[in-house]
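# Examining the three-dimensional arrangement
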Amino acid sequence: MRSNITRRNLLRGAGTAALGVTVAGWITSCSSVPAGNPATGATSNLLETAKAQGFIRVGIANEPPYTQVSPDGQVTGCEPDVLRAVCKRLGIDEVQGIITPYESMIPGLNANRWDVIAAGLFMKQSRCSQILYSEPVIVSTESFATPKGNPKSILTIADIIADPDLRIAVLPGGFEEGVLKAANVPANQQVKVNDGRSGLEALKANRADAFMLPTLSLKSLAESDNSFDITAPIEDAPRTGSGAAFRQGDTSFHEAYNKELAAFKATPEFGEILTKWGFDSTVVEGVTAEELCKTEG
Ligand code: 6CS
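Note that this is a predicted model, so its numbers are computed, not measured.

## Here's the deal with the confidence of the model for the protein
When pLDDT is averaged across the protein, the result is 89; 85% of the residues are at 70 or more. Every residue in residues 1-8 is under pLDDT 50, and counting partners more than four places away or in other chains gives 32 contacts. Here residues 14-32 scores under 50 on pLDDT; set against residues more than four positions off or in separate chains, the count is 44 contacts.

## Focus: the site of the ligand
Neighbouring residues of the ligand: 14 residues in total, closest E63, F122, R127, F175 and E176. Between the ligand and R127 there is a distance of 2.8 Å, counted from an oxygen atom to a side-chain nitrogen or oxygen. Between an oxygen atom of the ligand and a main-chain N or O atom of F175, the distance comes to 2.8 Å. Taken by itself the ligand offers 300 Å² of open surface, and the protein chains cover 100% of this.

## Some thoughts on the nonpolar core
If you look at the biggest cluster of nonpolar residues, it comprises 86 residues, and the most contacted ones within it are V82, F211, M212 and Y257. Top element by residues in this core is helix α2 (residues 78-89). It accounts for six residues. Residues lining this core come from more than one domain, with at least three contributed by each of domain 1 (7-138 + 240-284) and domain 2 (142-230). Setting aside residues up to four positions removed in sequence, M212 forms contacts with E142, S143, F144, I157, I168, A169, V170, E176, V179, L180, I234 and A237.

## Observations concerning the environment of D165
In this structure, D165 sits in the loop between α5 (157-162) and β10 (168-170). With 44 residues separating them along the chain, D165 and D209 place their C-alpha atoms 9.3 Å apart.

## Overview of the pattern of salt bridges
Under the counting rule described, the total for this entry stands at 13 salt bridges. Between K51 and E48 there is a salt bridge, with the nearest N and O atoms lying 3.8 Å from each other. Of this pair, K51 and E48 both sit in helix α1 (residues 46-53), three residues apart, which is roughly one turn of the helix. In this structure K51 comes out as partly exposed when scored by relative accessible area, which is 35%. Where E177 meets K192, a salt bridge forms, and the shortest distance between an N and an O atom there is 2.7 Å. Placement of the pair is E177 in helix α6 (residues 175-182) and K192 in strand β11 (residues 190-192), with a sequence separation of 15 residues. Overall, the relative accessible area of 42% leaves K192 in the partly exposed class. A single network of salt bridges, built from pairs that share partners, joins R57, D115, R247 and D250.

## Quick look at the state of the cysteines
According to the stated counting rule, one finds one disulfide in the structure shown. A sulfur-sulfur distance of 2.0 Å marks the disulfide that ties C128 to C293. Linking C128 and C293, the disulfide has an S-S dihedral of approximately -75 degrees and is accordingly described as left-handed. Of the two residues, C128 sits in helix α4 (residues 125-128) while C293 sits in the segment after α11 (289-292), which places them 165 residues apart along the sequence. Note on accessibility: C128 and C293 belong to one class, buried.

## Some details on the packing of aromatic side chains
Aromatic ring pairs are defined here through the distance separating the ring centres and the angle between the ring planes. Tallying each qualifying case throughout the model produces seven aromatic pairs. Plain terms: the ring middles of Y66 and F122 are 5.7 Å apart, the flat faces sit at 75 degrees to each other, and that makes the pair edge-to-face. A residue pair is termed long-range when its members are at least 10 positions apart, and Y66 in the loop between β2 (55-60) and β3 (68-69) and F122 in the loop between β6 (116-117) and α4 qualify at 56 residues. Each member of the pair, Y66 as well as F122, is classed as buried. Of the aromatic side chains, those joined through ring pairs into one cluster are Y66, F122, F175 and F279.

Each value, and the rule that gives it
Residues numbered from 1 in each chain as written. Predicted model: local features only at pLDDT ≥ 70, side-chain atom pairs only at ≥ 80, totals over all residues. Heavy atoms only, no water. pLDDT = per-residue confidence, 0-100. Contact = heavy atoms within 4.5 Å. Near = heavy atom within 4 Å. Polar contact = N/O pair within 3.5 Å; in protein donor to acceptor, adjacent residues only side chain to side chain. Areas by Shrake-Rupley, 256 points an atom, 1.4 Å probe, with all protein chains shown as cover. Core = buried A, V, L, I, M, F, W, Y, C linked by side-chain atoms within 4.5 Å. Buried < 20%, exposed > 50% of the residue type's maximum accessible area, 1.4 Å probe, protein only. Helix = DSSP H or I, 4+ residues; strand = E, 2+ residues; numbered from the N terminus. Domains from an automatic or database assignment. Salt bridge = Lys/Arg side-chain N within 4 Å of Asp/Glu carboxyl O. Disulfide = S-S within 2.5 Å. Phe/Tyr/Trp six-rings, centres within 6.5 Å; stacked < 30°, edge-to-face > 60°.

Pasting the structure below:
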């Protein structure tokens, strides 16, 4: 499926700290959607504004298969493809992708740098208390990447806790970091890496003994790098999933989106998108955001 996001629609947000470093050639007008404010009760009309301007801005990561940006700037991946399909049903023709680290996604959303997150930002208590998640689109698992043969036999979080000499690479502010923190894995056993490729580099350079990332993300990395093994899904990592995420003041958009998402899930296209990106669309059936928002961390 070719996205209708053209090269000009991809911006690179370097995170709220750097405030909007954008990549020349992909700059396009940013929407000026007034954010709602749950504290004052002010609500925005994101839906009408986005329909009127013809686009909505989405925070993404570029971590296939959840989000993928091709060399010519095409923004796809499981979550943006579902977002695009549901937004079209809402009368919003285009989504503009803004690449940003996971740790910046919620601050950037609440700073009105983008209007929605569709990046596989997994649901958990600390996130669900800050933003409004749609009902889940995917439920997925976590694995470890290890050197070939998994020489340190790292299969579970418990294995890491049992050996203080083990070092685990994780993304800063990522779901995996939260899992290690909830399991009381000491900070000195955690090696912070910026993305999938730098996690694999940490393994190769022997700066980490394993790298924790979603199973399907590691499988995507393995398509172009055969230097590592991938464990089975980590048994003592919590199950969770993701969907689109909105500002708490955008309640009317959130409601309209969920209604259209439920209708879209009943169409063959939903399953086609998930299958294309390697997800099993049946796994999310019957799973709710309320349930996944109980995930610790
Ligand atoms: O929710 C997160 O923070 C994690 N989600 C994905 C798709 N990859 C890594 C990230 O830490």
